[in-house]
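# Chain and residue survey
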Amino acid sequence: MTQDEMKQAVGRAAVEQLKNKLESDSVVGVGTGSTANCFIEELAKIKHTFDGAVASSEATAERLKSHGIPVYDLNSVNQLDFYVDGADEFNERFELIKGGGGAMTREKIVAAVAKTFICIVDESKKVDILGEFPLPVEVIPMARSYVARELCKFDAEPIYRDGFTTDNGNQILDVHNLEINAAIALEEKINNLVGVVTNGLFAARPADIILVGTPNGVDILTP
């Protein structure tokens, strides 16, 4: 299978995980990115079995609506049984780097609410040590230079994602040259920098299930 075919396969596999577990009043959390888009295509086929969705980005909300899936504000939802989203990297501890598309803050909020976080990826995203993919850090605009100087103290190279603004009206620094052996500690340390909204490490709240697309099919990984 090609990479696109693997993304489509994990999108189908994610819907299979949800089938027979959704109720008529269920609301599904939906992530952002090309793999999440494949999931949305499949989710639309069973839209009659659940109430609607919470989107992690404006782009995802528009895509869901285009398929006739109602989109709710998270504040109006009591609970989410499932959140389905992709990742830029994952390791054997189910810790992730996310945020290549710049939506990690809303993604992290939705993941925090969901009972089960299903991560859908192709096998190229598997790494032994997180950090080869630059770690996105969302910052308040006036704090960007200060946060960049602080991140340099991590022996890393923060690069401003020029011309990009998040759905929250903020900016992103992509942090290169990190070798992340203690993801939970680093996630907390970066988040504690004044002016940081959040970073793309999903370690304190990792995935619960990872569906991995391979040339031979989809592997279902559980802790």
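Residues numbered from 1 in each chain as written. Predicted model: local features only at pLDDT ≥ 70, side-chain atom pairs only at ≥ 80, totals over all residues. Heavy atoms only, no water.

A separate point is the sheet that holds strand S1 (residues 27-30). Sheet architecture is open: six strands sit in the order S2-S1-S3-S6-S12-S13, paired in mixed fashion. Edge positions in the sheet fall to strand S2 (52-55) and strand S13 (217-221), since each of these pairs with one other strand and no more. The mean angle between the axes of side-by-side strands here comes to 25°, regardless of whether they run parallel or antiparallel. Strand contacts of helix H1 (residues 3-18): S1, strand S3 (80-85), strand S6 (114-122), strand S12 (209-214) and S13, with the helix running at about 145° to S12, the strand carrying the most contacts. Here helix H2 (residues 34-43) sits on the sheet and contacts S1, S3 and S6; the angle it forms with S1, its principal contact strand, is near 155°. (Pairing = 2+ DSSP bridges. Helix = DSSP H or I, 4+ residues; strand = E, 2+ residues; numbered from the N terminus. Axes fitted to C-alpha atoms, helices over the stretch in contact; angles between N-to-C directions. Contact = heavy atoms within 4.5 Å.)

On to the nonpolar core, then. Proteins that are soluble and globular tend to have nonpolar side chains buried together. Core analysis: the biggest nonpolar cluster contains 25 residues, and Phe39 and Leu43 have the highest contact counts within it. Secondary structure elements with two or more residues in this core: H1, S1, H2, S2, helix H3 (58-66), S3, S6 and S12. Setting aside anything within four residues of it in sequence, one finds Leu43 in contact with Val15, Leu18, Val30, Phe50, Leu64 and Ile69. Counting 22 residues, the second-largest nonpolar core is a separate cluster that includes Ile97, Leu178, Ile180 and Val196. (Core = buried A, V, L, I, M, F, W, Y, C linked by side-chain atoms within 4.5 Å. Buried < 20%, exposed > 50% of the residue type's maximum accessible area, 1.4 Å probe, protein only.)

The next subject is the pattern of salt bridges. The tally for this structure, following the rule as stated, stands at 14 salt bridges. A salt bridge links Lys98 to Glu107; the shortest N-O distance between them is 3.2 Å. Taken as a pair, Lys98 and Glu107 share a single burial class, namely buried. With its nearest N and O atoms 3.0 Å apart, the salt bridge here joins Lys108 to Glu187. One end of the pair, Lys108, is in helix H4 (residues 104-113); the other, Glu187, is in helix H6 (residues 183-191), with 79 residues separating them in the sequence. With respect to class, Lys108 is no different from Glu187; both count as buried. A network of salt bridges, in which partner residues are shared, links Asp85, Lys98 and Glu107. (Salt bridge = Lys/Arg side-chain N within 4 Å of Asp/Glu carboxyl O.)

Secondary-structure assignment places Lys125 in the loop between S6 and strand S7 (135-139). Excluding anything up to four places from it in sequence, Lys125 contacts Gln3, Ala87, Asp88, Glu89 and Phe90.

Read across the sheet, four strands follow the order S8-S9-S7-S10 without closing on themselves; strand pairing throughout is antiparallel. With partners counted over all chains shown, the strands left at the sheet margins are strand S8 (157-160) and strand S10 (196-199), one partner each. Strand-to-strand, the axes of this sheet are offset by a mean angle of 30°, without reference to chain direction. One ladder, built from four bridges, connects S8 with strand S9 (residues 171-176); its direction is antiparallel. Within S9, the residue paired with Ile159 across the bridge is Asp174. Docked against the sheet, helix H5 (residues 144-152) engages S7, S8, S9 and S10, running at close to 15° with respect to S9.

Turning our eyes to something else, we now look at unusual backbone geometry. Although it is not a glycine, Phe94 sits at a positive phi angle of roughly 70°. The residue Phe94 is located in the loop between strand S4 (89-90) and strand S5 (96-97) in this model. By relative accessible area, Phe94 is classed as buried at 8%. The residue Asn177 is not glycine, and still its phi comes out positive at about 65°. Turning to its location among the elements, Asn177 is positioned in the loop between S9 and H6. Judged by its relative accessible area of 57%, Asn177 is exposed.

Such coordinate-based values are descriptive only and should not be taken to indicate function.
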